[in-house]
Amino acid sequence: MSNDDCRVTPPGEAQPRSSRARSEESPSGADAFVLPEFDSLPDLAPLPGLAPLPDLDEVLKANPLAGFDEALAAQADTVSSSGADTFPNETPATKASPTPSKATPASAATASSRAVPDDIPPRGDSPAPASKEAGDTSKSSKRSVAATLAALGATIGTAFSTGHVGGTTTPHVHTPRVPHGSLPSAPLPSLPSLPMPTPSLPSLSSLKPAGYQGSAQDTHALSPAWASGATTAWTIPVSAQSADATPQFHVDGSTLYIASDAANSSKNGSAVTVSAYELSGSTPAHLWTSTGPTQNSARLSFHTPAFVSGEDQVFFHDVVIDKATGAQTQAPWGTDFPLALADDVTVTCSTTTTCSGWMREGGEWTNLWTTSTATQSGYGLRDHDLDYAPAGTAVAGNGVHASVLVPTAPNELPQILNVHTGEAATLSNPDGNADSRKVEVATDGFVVYESSGSRGSVFDSDGVLQATFTAEQDLPALSRDGRQPTTSDIQTFMTHKRAAWATGTVSMTGTGECTITVALTADDSTREVPLPDAARRSVRNDCSFTPKDLRVSADGSTLYVRSFNSQDTNSYIINTADGSSSSTKDFTRATRLTWVFDDMLISITDKEIKAFVPASS
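Attention in this report is confined to the structure presented alongside it. (Residues numbered from 1 in each chain as written. Predicted model: local features only at pLDDT ≥ 70, side-chain atom pairs only at ≥ 80, totals over all residues. Heavy atoms only, no water.)

## Some points on the pairing of strand S12 (residues 354-361)
Consecutive side chains along a regular strand alternate between the two faces of the sheet.
Then, number 1: With 4 bridges joining them, strand S11 (residues 345-349) and S12 adopt antiparallel strand pairing. Within S12, the position partnered with Thr-348 by the bridge is Ser-356.
Then, number 2: Between S11 and S12, which follow one another and run antiparallel, lie 4 residues, and Thr-351 among them has a positive phi close to 70 degrees.
Then, number 3: Inspection of the sheet shows S12 paired to strand S13 (residues 364-372) by 8 bridges, in the antiparallel sense. Across the sheet, residue Cys-355 finds its bridge partner in S13, namely Thr-371.
Then, number 4: Linking S12 to S13, which pair antiparallel, is a turn of 2 residues; within it Gly-362 sits at a positive phi near 60 degrees. (Pairing = 2+ DSSP bridges. Helix = DSSP H or I, 4+ residues; strand = E, 2+ residues; numbered from the N terminus.)

Next up, the structure:
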């Protein structure tokens, strides 16, 4: 409202032109602004006679909102009562307090902002002085008039503004100004409360991960529940500065260990921060976090294995961590990497040409032996095995016959060391050297496979040759269930394609149109399913199948495949009952994946650790 609209025009003077739009002016073209009669408004009785206006200058000096909250309280109560039924999960709003110093409830504040007439200037504005010819009145009369004006605007404004909650945008309806001298002296009739439609609100559970609800069991088989697809149960943020510095993680039972460069590594030497989480509950339970010095480089390597677990301790580089408390102590082997723990002897290797055996008694470490070896790989055992045993498995045999595989370089003959004495033995075949060999660590010895001649050699845990065999061509892929086979198991699989220690095997057959065949070990039954459409563009016509990871459910109903071949970067969950499949980009983005339970797979990136579970859980 402009200052001119507040001024009373004396007789004989020209009426100033209204500042409103021409479309709102009188059809006759006169400058006088024509207002609708009150008795033409819907559902309102004709207004009674009005008393003369008090001095408008005095009215405007008074608090224009005084008494407004009291006038609106009844209507706020009506809206609050209706809202309690509309939003059953919300706490009912309290009444608006008439005391200005107390906070106004959200529902009342919203109604107030809608009901304040456009013509009332905000507090602090200085309206132009009005003529005193309008007469005089008491302060109580002025407050009554102001309250009546506010109640009128609130009633009409609320009636229009609450009619379409949650629907389409409500068109603006102009509230007519009351001409001077025609204000009502009696209260307006009350309007009936308008019903509020119920908006569609998302469930809170749909806005965040629901958490893990599974069995927390590792039976060494894929849960059939994965047939429903995968979903995210929870995430743990990590603070890696880049993908090259992605933290290392290790699962021991139901406990997750995460190791990362400490924040002060670049300033005060190298340090490592380790955290532990219990994963069997709905969400990860943080057990502890500790930081300690390390002699290794601040940038964590990808040496395999990264962690070595004992009964009460876990080793990471040269840091010894108490499983119960997280307390860190410095190990004496410096920049060597722990390779294995057997019979209380910790075996470490330098990634150059030496390995050592260590034992701890009464808090003191003793160096049992140090042995020179062939040139070692800086990646540890990462590229050594056939993927028949769990990744990072290094120990075969037990007692005095326990031996550990040395992580030799690819161009070196395989070597083993006796855990207790450090005595070295070379796993050489009868005909001398051969290229492209792999070594699998079995429970009772070692199997060396030479792909150039499809020939395998079996050694016991002391390194003595036991047998040789010729492997079948086109061996199927094994379900990697986390079990360690015997040398006999491996030989039988490589000669007869039967894997007694695994849930099953998977192969692809055909030319062009590939078919997946799942064979269960328990009953020799097979199932055939089509190749997922998403994998067709990366699978060659020969239907070769070299997955990075593979799991099969015990009943054969569900199959998990990570990468059908080296060109494929996706992960798939396949329902063998109907041939349907699903894939998620989160699997693809993960740099490393590790199984925790039959129904939980976790991944890590430089930003977070994420747990995947069956969508039906």
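## Brief notes about the sheet that holds strand S26 (residues 549-552)
Then, number 1: One open sheet accounts for 4 strands, arranged S26-S27-S28-S29; its pairing is antiparallel. Each end of this open sheet is capped by a strand with a single partner; those strands are S26 and strand S29 (581-582).
Then, number 2: Here strand S27 (residues 558-562) pairs with strand S28 (residues 571-575) via 5 bridges, running antiparallel. Within S28, the position partnered with Tyr-560 by the bridge is Ile-573.

## Things to note about the sheet that holds strand S9 (residues 328-330)
Then, number 1: The antiparallel open sheet is built from 4 strands, whose spatial order is S6-S7-S8-S9. Across the chains shown, the open sheet's two edge strands, defined by having one partner strand only, are strand S6 (307-309) and S9. Averaged over all neighbouring strand pairs, the angle between strand axes comes to 25 degrees, with direction disregarded.
Then, number 2: Where strand S7 (residues 313-316) meets strand S8 (residues 319-322), 4 bridges bridge the pair, whose relative direction is antiparallel. Within S8, the position partnered with Val-314 by the bridge is Ile-321. (Axes fitted to C-alpha atoms, helices over the stretch in contact; angles between N-to-C directions.)

## A short note on the packing of aromatic side chains
Then, number 1: Using the criterion set out here, one finds 14 aromatic pairs in the structure.
Then, number 2: Between Trp-226 and Trp-595, the ring centres sit 5.9 Å apart and the planes meet at 85 degrees, which makes this aromatic pair edge-to-face. Here Trp-226, found in the loop between helix H5 (139-161) and strand S1 (230-237), pairs with Trp-595, found in strand S30 (residues 592-597); they are 369 residues apart in sequence, far enough to count as distant. Just as Trp-226 is buried, Trp-595 falls in that class too.
Then, number 3: Summarising the aromatic geometry, the rings of Tyr-388 and Phe-493 are spaced 5.5 Å apart at their centres and angled 85 degrees between planes, so their arrangement reads as edge-to-face. Of this pair, Tyr-388 sits in the loop between S13 and strand S14 (395-396) while Phe-493 sits in helix H6 (residues 487-496), placing them 105 residues apart in sequence.
Then, number 4: Look at Phe-493 and you get buried, because its relative accessible area is 1%.
Then, number 5: Here the aromatic residues Phe-315, Trp-333, Trp-358 and Trp-365 are joined through ring pairs into a cluster of three or more.
Then, number 6: When the ring centre of Tyr-379 is taken as reference, the NZ or CZ atom of Arg-382 above it lies at 3.8 Å. (Phe/Tyr/Trp six-rings, centres within 6.5 Å; stacked < 30°, edge-to-face > 60°. Buried < 20%, exposed > 50% of the residue type's maximum accessible area, 1.4 Å probe, protein only. Lys NZ or Arg CZ within 6 Å of the ring centre and 35° of its normal.)

## A few points about the state of the cysteines
Then, number 1: Under the definition given, this model contains 2 disulfides.
Then, number 2: For Cys-349, the disulfide goes to Cys-355, at an S-S distance of 2.1 Å. Around the S-S axis, the bridge from Cys-349 to Cys-355 shows a dihedral of about 105 degrees and counts as right-handed.
Then, number 3: Under the relative-accessibility criterion, Cys-355 is labelled buried at 0%.
Then, number 4: The side chain of Cys-514 participates in a disulfide bridge whose partner is Cys-543; the two sulfur atoms lie 1.9 Å from each other. Its torsion about the S-S bond being -90 degrees, the disulfide of Cys-514 and Cys-543 is classed as left-handed. Placement of the pair is Cys-514 in the loop between strand S23 (504-509) and strand S24 (515-520) and Cys-543 in the loop between strand S25 (526-530) and S26, with a sequence separation of 29 residues. With respect to class, Cys-514 is no different from Cys-543; both count as buried.
Then, number 5: Each bonded cysteine of the protein chain is numbered by sequence order, and under that numbering the disulfide pairs are 1-2, 3-4. (Disulfide = S-S within 2.5 Å.)

## Things to note about the environment of Lys-497
Then, number 1: Within the secondary structure, Lys-497 sits in the loop between H6 and S23.
Then, number 2: Take Lys-497: its relative accessible area is 37%, and that puts it in the partly exposed class.
Then, number 3: Along the chain, Lys-497 and Asp-474 lie 23 residues apart, while their C-alpha atoms are 9.5 Å from each other.
Then, number 4: In this structure, Lys-497 is in contact with Glu-472, Gln-473, Asp-474, Leu-475, Pro-476 and Thr-492, ignoring residues within four places of it in sequence. (Contact = heavy atoms within 4.5 Å.)

## Things to note about empty space enclosed by the protein
Then, number 1: Tallied over the entire structure, the rule returns 4 cavities of 30 Å³ or more.
Then, number 2: Looking at the largest cavity, the residues that line it are Leu-381, His-384, Asp-385, Ala-389, Gly-392, Thr-393, Leu-405, Val-439, Glu-440 and Val-441.
Then, number 3: In terms of residue count, the dominant contributor to the lining of the largest cavity is strand S18 (residues 437-441) (3 residues).
Then, number 4: The residue inventory of the lining of the largest cavity, partitioned by class, reads 5 nonpolar, 3 polar and 2 charged. (1 Å grid on protein atoms, 1.4 Å probe; cavity = no way out; pocket = protein on both sides within 12 Å on 5 of 7 lines; lining within 4 Å. Points joined across faces, edges and corners; volume = space filled by probe spheres on them. Nonpolar A, V, L, I, M, F, W, Y, C, P; charged D, E, K, R; others polar.)

## Side note on the nonpolar core
Then, number 1: By size, the foremost hydrophobic cluster in this structure holds 25 residues, and its most contacted members are Val-404, Leu-405, Val-419, Leu-427 and Phe-446.
Then, number 2: Residues within four places of Leu-427 in sequence aside, it is in contact with Pro-414, Ile-416, Val-439, Phe-446, Val-448, Phe-459 and Gly-463.
Then, number 3: Counting 20 residues, the second-largest nonpolar core is a separate cluster that includes Met-508, Ile-516, Leu-531 and Phe-564. (Core = buried A, V, L, I, M, F, W, Y, C linked by side-chain atoms within 4.5 Å.)

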